[in-house]
Amino acid sequence: GAIILSAGFKEVGMEGAQLERTICEIAQRGKIRVVGPNCLGLQNPISGLNATFANNLARPGNVAFISQSGAMCTSILDWSLQANVGFSAFVSIGSMMDVSWGDIIYYLGDDPNTKAIAIYMESIGDARSFMSAASEVAMMKPIIVIKPGRTSQAAKAAASHTGSLAGSDDVLEAAFKRCGVLRVNKIRDVFEIVELLGKQPRPSGKYLTILTNAGGPGVISTDALIESGGQLAWLSEDTMNKLNAILPSHWSHANPIDILGDATWETYAKALEIAAENKYSDGILIILTPQSMTNPTKTAEAIAKVAKKISKPILASWMGGKAVTEGRAILDAAGIPTYDYPDSAAENFTYMYQLSVNLTQLYETPRWCADLHPSTVVVDTIIATAQSQDRVILTELESKRLLSCYSIATPAIIHCRTAEEAASAASSIGFPIVVKLHSETITHKSDVGGVKLNLHSPEQVRDAFFEIQQGVEKDDFLGVTVQPMLDTTDAFELIVGSSLDAQFGPVMLFGLGGTLVEVFQDSSIALPPLNSNLAHLMMKNTKIYTALKGIRGRKSADIAAIEKLIVNFSHLVMDKWMFIKEIEINPLLATHDSVIALDARVILHDSNMMEVDDEISRQTQIIRPAIRPYPAQYEQHWLSKKGRVLLIRAIMPEDEPLVVDFHKRISEESVYTRWMSNMQYDERASHSRLIRVCHVDYDRDIALVALDEESCAGKNCKLVAAGRLTKMHGKNVAEFSVLVEDDWQGEGLGAKLLLELIKHGEADGLDGIEGIVLPTNRAMIHVAEKMGFESVYDKELNVVKQYFSYKEAAPTSKAKEDYDIQLRRFTCPINI
């Protein structure tokens, strides 16, 4: 590897960018990885490596620190030496010519010396690489990021510093949440939360109990707690009775628990024991101000002793200077994080809660609600027609047909070129009627008087036609569309849309819609694709969500139907991201029993864009999705040797119940053969494990499942086999595994899945595939060798290591030919 410390590359312009590309080409030919340029270098305090131009080596520790700013690194390094803070790795990553956030995060995820990762980030770089790495590692180790650039001026400064494009800060926030990363606002917060996570357990909820001997600090802490997303814990009746028995009559009788200024160390200790027993409390913040009756040192000793028996997180704020120094040291030595100011402690409690709840919510098992097989021929025809006419704007009629292909309901709509056609269409639909401008150039029809509502007669429809025609230029007028006027009395007007972010590609928006959408600005954003769980989280992040559940006698909207629409919309966005630049449904009309898209707008990429030779220009216009789309190309029907029909496709998060049922039917022998151990059912089928199995990042892994078509025709769909290919960190090689239910073994299913994995690896540009099997697993060894794998017996480990090289071999064996013939013999349209 190499480290380039110098500046003067893409941050200075095109000449510097070209220099970067030249160096990258040279490095790739020599198989050299490059850190930098424009960086400080890196340190490994555990091994004593100092590959920086900093004079001092950081102290050893269990937190890795990565920064794009070299100056930030030198400042943090100097501070850490004084504060006695250690690091497992200390990396200045610079402009990320080659080694990116994803590479470093993967490496630190595998590093046994690293327990948490702290990041100072100015630009995201390869968004997909970051999302893939962070989503995997964040499940094992907390990742805390401070990302400046919340304001446009700061974002501009960061972009000029790194030479990278700046995306929306709101989008970046959504991306961090999607991959389980915690974002904080201050440099101090990064290390405080890392220290807290290292010393205390994570809270199970957001409810904090504040124990204090002064009212003012308790009030300040409460404000900080609420503003950061936490809540005060309710004091149970039992807790109140016990506190009344030990505290003066004038104590606060509420949370914060103000035990008054004359509290002794005994009072603190007893109150802490009682507060910890309160079932409504998820953590405790203890505040002490130095007063004549309160001994900070003895109180700290008492707190440290009681804390050993408490399983909830405990934080402390010993306010003051010299008088509380010894007490702080005692608490720190006892593993209780101690803060100068209580508001910081309250905020860090909330950060710790958010880190836990974000991961929990992300990986809840979603329910099945997506229509994954739209009328793609119709969609492609609509887009191709517009492109052939050099149009980038779809008409409303085209836009609604496109939505209908993804099971998104729209009103009946008729295109009319004359006033008489419009009057006739209105009579056939039934009054009242809406008449809208039909144009290939104007998208916001209301702005030009192109929408006429609540028309009750053919005469009004004719008048509306001529008014719309006269309000626009001749070339902009292609007639009108006639639609039914829907009753919106008890309906909610919403908006669902997608646009491009400079770094993350397609980004979805949901919120309050209608003509005043920009005024109220009640919306949330998320990165597609979405499942029902993620769609629901997106809805919950808006104010309108409270009203959608029903308010003041108004019926609730059909939440499940809205979820389904958002999921289907996200699949449309992902399926056609190369063509669709912007797409918006506004308003989306939601009632208690229906959800319908009243108006739609679709803007395409310029069809000439794909012919742009300049790579940088092209990338600034069409940005690939930050999350790899569902690989629909693997969906196929297949006939087993016994004539049974199976559906083979990529796994989804919604499949978790099927996987649980699958593990119930696997024999102990199959379990041992697959995992080389007697892994128990409870462990194999636990939600925490199946998160990794079912929530697949398709950029990192591919997992294929085989479903019994006969069982899926009813309500008891059965998953009968699974195959997986997992990319290995730091190598262009993947590891394979295959597991087939006992009753389905011997039908060629394992060979079929392995063949599909080989094809995937080839399409993904892998150098090879490897796997480890037991010597007794003769069937798997035989199948793999027929596919072109080399098998080597490791006597020391008593395993067979298998390797397939794409350079030295190809899956052209008799087995592959047999299965290709079988596929050609049995082809069937897929419709699930």
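Rules of the game
- Residues numbered from 1 in each chain as written.
- Predicted model: local features only at pLDDT ≥ 70, side-chain atom pairs only at ≥ 80, totals over all residues.
- Heavy atoms only, no water.
- Helix = DSSP H or I, 4+ residues; strand = E, 2+ residues; numbered from the N terminus.
- Rg over C-alpha atoms; globule rule 2.2 N^0.38 Å.
- Buried < 20%, exposed > 50% of the residue type's maximum accessible area, 1.4 Å probe, protein only.
- Contact = heavy atoms within 4.5 Å.
- Areas by Shrake-Rupley, 256 points an atom, 1.4 Å probe, with all protein chains shown as cover.
- Lys, Arg positive; Asp, Glu negative; His and termini not counted.
- Charge placed at Lys NZ, Arg CZ, Asp CG, Glu CD.
- Disulfide = S-S within 2.5 Å.
- 1 Å grid on protein atoms, 1.4 Å probe; cavity = no way out; pocket = protein on both sides within 12 Å on 5 of 7 lines; lining within 4 Å.
- Points joined across faces, edges and corners; volume = space filled by probe spheres on them.
- Nonpolar A, V, L, I, M, F, W, Y, C, P; charged D, E, K, R; others polar.
- Pairing = 2+ DSSP bridges.
- Axes fitted to C-alpha atoms, helices over the stretch in contact; angles between N-to-C directions.
- Core = buried A, V, L, I, M, F, W, Y, C linked by side-chain atoms within 4.5 Å.
- Patch = residues over 30% accessible without salt bridge, like charges linked within 9 Å, V, L, I, M, F, W, Y side chains within 5 Å.
- Salt bridge = Lys/Arg side-chain N within 4 Å of Asp/Glu carboxyl O.
- Polar contact = N/O pair within 3.5 Å; in protein donor to acceptor, adjacent residues only side chain to side chain.
- Right-handed = clockwise from strand over helix to strand, strands pointing away.

Asker: Could you give me a rundown of the overall build of the chain, with the residues and numbers involved?
Answerer: Regarding its fold elements, the chain presents 30 helices and 33 strands. Here the C-alpha radius of gyration of the chain, 31 Å, is about what a compact globule of 832 residues would show, namely 28 Å. For the chain, the spread of C-alpha atoms along the three principal axes comes to 90 × 75 × 60 Å. Looking at the 832 residues of the chain, the share that counts as buried comes to 54%. Contacts in the chain between residues at least 24 apart in sequence constitute 71% of all its contacts with a sequence separation of at least 6. For the chain, the exposed area adds up to about 36900 Å²; of that, 51% sits on carbon and sulfur atoms. Separation between the mean location of the 80 positive side-chain charges and that of the 101 negative ones in the chain comes to 4 Å.

Asker: Kindly report on the state of the cysteines, identifying the contributing residues and their values.
Answerer: Applying the stated rule across the entire model yields one disulfide. Each disulfide pairs two cysteine sulfurs, and for cysteine 712 the partner residue is cysteine 717, the sulfurs being separated by 1.8 Å. Between cysteine 712 and cysteine 717 the sulfur-sulfur dihedral comes to about 50 degrees; the bridge is accordingly right-handed. Overall, cysteine 712 belongs to the partly exposed group, its relative accessible area being 23%. Lacking any disulfide linkage, cysteine 24 is separated from the closest cysteine sulfur, that of cysteine 39, by 13 Å.

Asker: Please set out the environment of serine 221 residue by residue, giving values where relevant.
Answerer: With respect to the helices and strands, serine 221 occurs in helix H8 (residues 215-227). Distance from serine 221 to tyrosine 341, taken between C-alpha atoms, is 8.8 Å for residues 120 residues apart in sequence. With residues up to four places along the chain from it excluded, the contact list for serine 221 reads Ile210, Leu285, Ile287, Pro342, Asp343 and Ala346.

Asker: Can you tell me about empty space enclosed by the protein, naming the residues and giving the values?
Answerer: One pass over the full model with this rule turns up seven cavities of 30 Å³ or more. When its volume is computed, the largest cavity comes out at roughly 570 Å³. Lining the largest cavity are 32 residues, with Arg178, Pro529, Ile627, Pro653 and Val696 positioned closest to its centre. The dominant element in the lining of the largest cavity, judged by the number of residues it contributes, is helix H4 (residues 127-137), at four residues. Class assignment for the residues of the lining of the largest cavity results in 20 nonpolar, five polar and seven charged.

Asker: Explain the sheet that holds strand E17 (residues 433-437) residue by residue, including any values.
Answerer: As summarised here, the arrangement of the four strands in space is E16-E19-E17-E18, forming an open sheet in which the pairing is antiparallel. Where the open sheet ends on each side, the last strands, each with one partner, are strand E16 (414-416) and strand E18 (451-455). Between one strand and the next, the sheet's axes are offset by a mean angle of 25 degrees, whatever the strand orientation.

Asker: Can you explain the pairing of strand E21 (residues 505-512)? Please cite residues and give values.
Answerer: For E21, a buried count of six out of eight residues is recorded, marking the element as mostly surrounded by other parts of the structure. Pairing between strand E20 (residues 492-501) and E21: eight bridges, direction antiparallel. Following the sheet pairing, aspartate 501 is matched in E21 by glycine 505. Linking E20 back to E21 in an antiparallel pair, the connection comprises three residues.

Asker: Residue-level account of the nonpolar core, with values.
Answerer: Counting residues in hydrophobic clusters, the biggest one holds 55 residues, and the most contacted among them are Phe736, Leu749 and Phe789. Ranked by residues supplied to this core, first place goes to helix H28 (residues 749-763) with seven residues. If we skip the residues at most four places from it in the chain, phenylalanine 789 touches Phe736, Leu754, Ile758, Ile769, Ala784, Gln802, Tyr803 and Phe804. Leu403, Met539, Ile566 and Val602 belong to the second-largest nonpolar core, a separate cluster that totals 49 residues.

Asker: Go over a nonpolar patch on the surface with me, naming the residues and quoting the values.
Answerer: Together, Ile3, Leu5 and Phe53 line one region of the surface with nonpolar side chains, adding up to about 260 Å² of accessible area. Within the secondary structure, leucine 5 is located in the loop between strand E1 (2-3) and helix H1 (14-29).

Asker: Explain the side chain of aspartate 794 to me, and be specific about the residues and the numbers.
Answerer: Considering the arrangement of structural elements, one finds aspartate 794 in strand E32 (residues 790-794). Judged by relative accessible area, aspartate 794 falls into the buried class, the value being 18%. Of note is the side chain of aspartate 794, whose polar atom sits 3.2 Å from the side chain of lysine 801. Once you skip the residues sitting within four places of it in the chain, aspartate 794 turns out to touch Val799 and Lys801.

Asker: A description of the pairing of strand E30 (residues 733-740) should follow, citing residues and the corresponding values.
Answerer: In terms of burial, E30 is largely enclosed, as seven of its eight residues are buried. What sits between the antiparallel neighbours strand E29 (residues 718-727) and E30 is a turn of five residues, in which glycine 730 has the positive phi angle 80 degrees. The pairing of E30 with strand E31 (residues 768-773) spans three bridges and is classified as parallel. Among the inter-strand pairings, alanine 734 is bridged to a residue of E31, identified as isoleucine 769. You can see the chain leave E30, run along H28 and come back into E31, and the turn it takes is right-handed.

Asker: Describe the pattern of salt bridges, and please don't skip the residues or the numbers.
Answerer: Under the defined criterion, the tally for this structure stands at 38 salt bridges. Among the ionic pairs, aspartate 98 bridges to arginine 33, the shortest N-O distance being 2.9 Å. Taken together, the residues aspartate 98 in the loop between strand E6 (86-92) and helix H3 (101-110) and arginine 33 in the loop between H1 and strand E2 (34-35) connect sequence positions 65 residues apart. Assessed through its relative accessible area of 24%, aspartate 98 is described here as partly exposed. Between aspartate 340 and arginine 328 there is a salt bridge whose closest N-O contact spans 3.2 Å. Of this pair, aspartate 340 sits in the loop between strand E15 (338-339) and helix H13 (342-362) while arginine 328 sits in helix H12 (residues 325-333), and the two are 12 residues apart along the sequence. Note on arginine 328: relative accessible area 18%, which makes it buried. Taken together, the shared-partner salt bridges in this structure form one network comprising Arg128, Arg628, Asp699, Lys727 and Asp764.

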